[in-house]
Structure formats: structure tokens, C-alpha cells
Amino acid sequence: MTSSSTHPGAAEDKSILTPVMILEGHEPRLVHSPDGKHYEYKGIWSISYFPDCKQMVSGSRDYTIRRWDLREGKEIEKARKVCKNEIRIVEVSRDGRWLVTVDGWELKVREIKTGIVRTFHEYSWTKWIDISADSTLLAGASLDSAVQIWNLDTGQLMAGPFELGDGDIGDVTIRLSEDSRKLAVAWSNTDLENRLHLEVWDVQAQKLDVQKSTAYDVNYIFPLPVFWTTKDNSIVAAFTFTYDDPAIYEFDASTLETVGAPFKGHTSYINSLALSPDCTLLASSSYDTIKLWSFGPRQLLASFDVKLLMTLVLSPNSRQLAYTTWHETKIHICNIPANILASIGLAEEPQPSTSKPKRSRHAGLLDFDITPRPVRRKPVMIPVTPIPQPLPAENPHVFHHFLRKFLSFSSPTDVTRTDDPRNPLDFPATSPLPRSLLNHDGNSRSTPAPLTAQSSIINTFPTIPSRFSRLSTWRPFQTDHTSPAVVHVPLAPGKLRYATAGAPSNDDGLIRDEDYVPPSPSSPNAGQHGRGRFCFCF
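Being a predicted model, the structure only gives us computed values, none of them experimental.

What counts and what doesn't
- Residues numbered from 1 in each chain as written.
- Predicted model: local features only at pLDDT ≥ 70, side-chain atom pairs only at ≥ 80, totals over all residues.
- Heavy atoms only, no water.
- Pairing = 2+ DSSP bridges.
- Helix = DSSP H or I, 4+ residues; strand = E, 2+ residues; numbered from the N terminus.
- Core = buried A, V, L, I, M, F, W, Y, C linked by side-chain atoms within 4.5 Å.
- Buried < 20%, exposed > 50% of the residue type's maximum accessible area, 1.4 Å probe, protein only.
- Contact = heavy atoms within 4.5 Å.
- Salt bridge = Lys/Arg side-chain N within 4 Å of Asp/Glu carboxyl O.
- pLDDT = per-residue confidence, 0-100.
- Phe/Tyr/Trp six-rings, centres within 6.5 Å; stacked < 30°, edge-to-face > 60°.
- Lys NZ or Arg CZ within 6 Å of the ring centre and 35° of its normal.
- Polar contact = N/O pair within 3.5 Å; in protein donor to acceptor, adjacent residues only side chain to side chain.
- Axes fitted to C-alpha atoms, helices over the stretch in contact; angles between N-to-C directions.

The next thing to look at is the sheet that holds strand S26 (residues 263-264). Each strand in a sheet pairs with its neighbour through backbone hydrogen bonds, running either in the same direction (parallel) or in the opposite one (antiparallel). Spatially, S23-S24-S25-S26 is the arrangement adopted by the four strands of the open sheet, whose pairing is antiparallel. Each end of this open sheet is capped by a strand with a single partner; those strands are strand S23 (226-228) and S26. Of the strand pairs in this sheet, S23 and strand S24 (residues 234-237) are connected by three bridges, and their pairing is antiparallel. Counterpart to Val226 in the pairing with S24 is Ala237.

Spelled out as C-alpha cells, the structure:
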């Protein structure tokens, strides 16, 4: 992660950083002096990306908090908030739930989804804030030399105040470690000593673990950014040890001894730092320069000429940087060059395609994760006890005419014509007995007349039972022949048994006319919608 020397790259010569987007909307703050003069104060104090990099929030001297759509490049006007004072700090939590602002003396927390606003601190000017990595804690440093930590959900004070020292506090910056167990604080006092201090506190024990300090120039009044590195092992800070040699250092978190070589190259005070979440890219700025560094090897990747820079941030995905300046009310959004991203192991994000990819007609044959398509299944037909129908007129020509008409549109393989006589009680034992063959006590049957010569229709193809149901209303001629005796045979497991004495052997492929029971005259469309055996829905 570190090396023993600084390796400036070929990009050390300054170049122009061209914005891909400029957000405009904030206005200068007008101040009227007692002598009648008017002054314009420009500059946007603070900017913060949303976690998805699609929106940004800004706070300015014009007393407004504004949200920006970075896809459209314009303000979301309905989200604008007009406040009572200058907005010095804005920060969005990593989960996108909270927006923390400093409105004059007041430290406020807004829940973005609901719009609920709560005031956490209002009696002393809050100089700096930090939201924990898990978006549950808020740390704030105020002008009264104290640092406090609150629970964002409840507003309860969880730790503090941490007393920084005696005397007047000039500037202060704070940063919670990734696990929120440690607190790094960089601050300056404005008394006769004029010293910079770097401290590490134990949050739970609320005690100072280690401290380092150095003298600084009396004109140095800018914030002192600090960041924790991977696994909270070290701290990065723009901690100037000498007046004429501004530099960025990495400090061991337990001893505050410097680790590796410093980042050198700036010629004036460093007023802003930004470190990517994976600690691979470091951005720094002074009054006239933005520099990009490869953090591990300490290599300078690029240097851009930007005048009077005020604040600088990196996007959460490390592919953009945004900055503001003291002399205008604009936010500049810049893409980090592709060669720089490649040098630190980051590739450019692919642009979404507007055309739909072609899919082979054989695609998915072996893809077992494909979502199964719904299958249309045939309804389950449950046989019910039929209602007997009256026999038709005893006219053989009528029956034969109907039979020929029915067979005219049937496949020759669908039906078989036979002239063999058939016993009316020859039906499977699993079928219900017709009610017409039952007496009122349900235990005996009436004696039907035997059938004369007939042509029986045998269904040998299971796909046309609905057609044969039409034959259920037709009965052949009956005579006064005596029917055979009925013998009750219980159903045996396995094969079907016939419920009549002397019945021919069972043929599972045959379905007799007697098996087809006519539907009720009042509901011809039976089947799954009514009480019949088959469905006549066409």
C-alpha cells in the first residue's frame, strides 16, 4: 500500500480538466455595507453525491439546499429547500436515507424519503460532520471545542462530548473509522500558539488514544481533511509540518508515526482531500490545482489547472470528480480520464445499449435456470351419477341417420363399427350404477328389456369422448326379453371386475354405450362447469 518514495508520473505537467456537465442555479449572496456599497459573495460551500451517482445535493451562500439530476444536468426544483442562513455543510449517508445539513448554527437531519426534519444541535456553530459507514451514527464538531456522536434514527446522544482542548478552535475536521470504534480529529487553535493537532479517540471509552501537533502559519485557516484507509490501519491527512512544503501524509492509527513517503507536489496550502472507498485513488486540491494520485505507489497521475478551488469530492464509484470555486456559483462535474482509471485497475462503466440483443431460437434449451412457462392443463373430469333421459321414438332410421351424420366428420381410426350384441350391464365396476336401475331402497335394480340387433360404437381414441357424449341421448330399440341376473361383485384391487354374471371378459380399451350418460336437459354445457362426465365447451 505504501512505498519509500514519491514517483511523479508523466502527467505532472498541468492540463485542462474539461467538465462534462456544469450545474447552474445557485445565486450570489448580496450584502449591503453601512457605507452604501453592495457586495456579492459567490461560492458553493458544500456538495455531496447520492450513493447511486445519479443525483447530487449542494448547499450555498444563497440560503438554499438544492438537489440535482445528474442524468438530465438540471435541478430538481421541487426538492429545493430555502433556509434561514447560509448552508455550510451538506452530506448524504451511504445508504441514501439521510441528508445532514448545517444551517447557520443548526445541525439538522432530514430523512429523504419522508421529508421529516429534526434538529440535533443548535446552540453552537457546527464546523464539521461525518456519517458512519453503516449510516447509523452522526458525529459533529462544534465551535465550543466539543465533538458529539448521535444515533441518526433516534437522535439520542451516543458519545461525547469529546473535549479538544483549551482556547479558541479555528478549524476542525472529524472522521469516524469504518467500524465506528475510533474517531480521527484534526483541528487548529487560534491563540498565540497557532498549532495544528491530529488526534485519535476511542469512541466507546471516550478517551484520547494518541495525539500529534505542529506549528502552522497564522494565515492558514482552511479545513484539514482526514480519511481512514482500508481496515482502519492508518489515517491520511493534509498535515503540514513546514510552512513552505505542503504535503499529504499517511499516519499509523495507533502511533501517528508517518507511514511511507508523503504525497508532494502542491505549491500552496492543501484545502481539500478525497479518497476513493477502495483506497486506490486520492484527489487533492489547493488554490490553483487539482491532483490525482495512485494511493499505493504514491504516483502522481494527473495535475489540472483550476483557479480558486473551494471544495472537491469524488463520486462513490470513483469515476467522477466534482468541484466548486470561490468566484462563481457553478458545480463542475468531470469524468476521470480512462487512462487514469485503467492505471488504478478501474475500467470505464459500459454504456447501456438501446437495442435489444437477438436471441437464438434454440437459446435456453440447456438453461436450467429459465423460468418455467405456465402449462395449460386439461380439467380433471369427475364422474357423477347421471340423470336418466327419456328414450327416443322407436324408429331405427332415426338412430342410423344420426349415427351416419356423426361418423361423417370422424376419423376412420376414431371409431369401430361392430354388430355383436352387447349386454346393457357390461360396464366397468368403477363406474357408478345408473339410477334407473336402482329401486328406491338403492339395493336392487329393475329388469330392463334386452336389446335387439344394434350397431354399437366403441371409442378407441381418447381424444373424442366429448363427441360420443352426443350419443348418450339416443337409445336403441328395446324388447321384452328377460335381462340376465345381476350379481354384486365387490371391487378388487388391481384389475376391474364386472358386476354381472356371465359377462364377457373385460377389455380396458372398450367403452360401452352404457358408459356414456346423457347430460341434464337444463344444462347441456356440463363437464367441468356442471355435473356431467364430459365437457361440451367449444
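Of all hydrophobic cores here, the largest spans 21 residues; its most connected members are Leu281, Ile290, Leu292, Leu321, Tyr323 and Ile336. Excluding residues that lie within four positions of it along the chain, Ile290 makes contacts with Leu17, Ser284, Ser285, Ala302, Ser303, Phe304, Val306, Leu309, Leu312, Leu321 and Tyr323. Formed by 18 residues, the second largest nonpolar core is a distinct cluster that contains Ala184, Val226, Trp228 and Ala247.

Using the criterion set out here, one finds 18 salt bridges in the structure. Two residues, Arg97 and Asp153, come together in a salt bridge whose shortest N-O distance is 2.9 Å. With Arg97 in the loop between strand S11 (87-92) and strand S12 (98-103) and Asp153 in the loop between strand S17 (146-151) and strand S18 (157-163), this pair connects stretches of sequence that are 56 residues apart. According to the relative accessible area criterion, Asp153 is partly exposed, its value standing at 43%. Between Asp202 and Lys182 there is a salt bridge whose closest N-O contact spans 3.5 Å.

Our focus in this paragraph is unusual backbone geometry. Trans is the common state for peptide bonds, and a negative phi is the common state for residues other than glycine. Residue Gly160 is joined to Pro161 through a cis peptide bond whose omega torsion reads 5°. Its place among the elements puts Pro161 in strand S18. The phi dihedral of Leu308 is positive, around 55°, even though this residue is not glycine. With respect to the secondary-structure elements, Leu308 resides in the loop between strand S30 (299-305) and strand S31 (309-314). If you check the backbone angles, Ser318 has positive phi at about 65° while not being a glycine. Mapped onto the secondary structure, Ser318 falls in the loop between S31 and strand S32 (320-325).

A word on the confidence of the model for the protein chain. Scored by pLDDT, the protein chain has a mean of 74; 58% of the residues are at 70 or more. Averaged pLDDT values over the elements of the protein chain bottom out at 39 in strand S35 (residues 456-459) and peak at 98 in strand S8 (residues 64-69). Scored below 50 in pLDDT, residues 1-11 shows 36 contacts in the model against residues more than four places distant or in partner chains. Under a pLDDT of 50 for its full length, residues 425-431 has, in the predicted model, 19 contacts with residues more than four places off or in other chains.

What follows deals with the pairing of strand S20 (residues 182-189). Of all eight residues in S20, seven are buried; the element is thus mostly enclosed. For S20 and strand S21 (residues 195-202), the ladder comprises seven bridges, and the chain directions are antiparallel. Within S21, the position partnered with Trp187 by the bridge is His197.

Before going further, it helps to examine the packing of aromatic side chains. Counting across every chain of the model gives six aromatic pairs. Within the aromatic cluster, the residues linked to one another by ring pairs are Phe263, Trp293 and Phe295. One cation-aromatic arrangement involves Arg175 over Phe227; the distance from NZ or CZ to the ring centre is 4.2 Å. Taking NZ or CZ as reference, Arg298 lies 5.3 Å from the ring centre of Phe295, over its face.

Tracing the chain through its elements places Gln55 in strand S7 (residues 55-60). Using a relative accessible area of 17% as the deciding quantity, one classes Gln55 as buried. A distance of 2.7 Å separates a polar atom in the side chain of Gln55 from a polar atom in the side chain of Arg67. In this structure, Gln55 is in contact with Tyr49, Phe50, Arg67, Trp68, Leu70 and Ile76, ignoring residues within four places of it in sequence.

If you walk across this open sheet you meet the four strands as S11-S12-S13-S14, and the pairing is antiparallel. Since the sheet does not close on itself, it has two edges, and those belong to S11 and strand S14 (117-121), each with one partner. Averaged over neighbouring strand pairs, the angle between their axes works out to 20° when direction is ignored. Where S11 lies against S12, five bridges are found, and the strand directions are antiparallel. When the sheet's bridge partners are listed, Ile87 is paired in S12 with Asp103.

Along the chain, Asn271 turns up in the loop between S26 and strand S27 (272-275). Of the residues examined, Asn271 reaches a relative accessible area of 10% and is grouped as buried. Separated by 13 residues in the primary sequence, Asn271 and Ser284 place their C-alpha atoms 7.9 Å from one another. Side-chain polar atoms of Asn271 contact the backbone oxygen of Leu309, separated by 3.3 Å.

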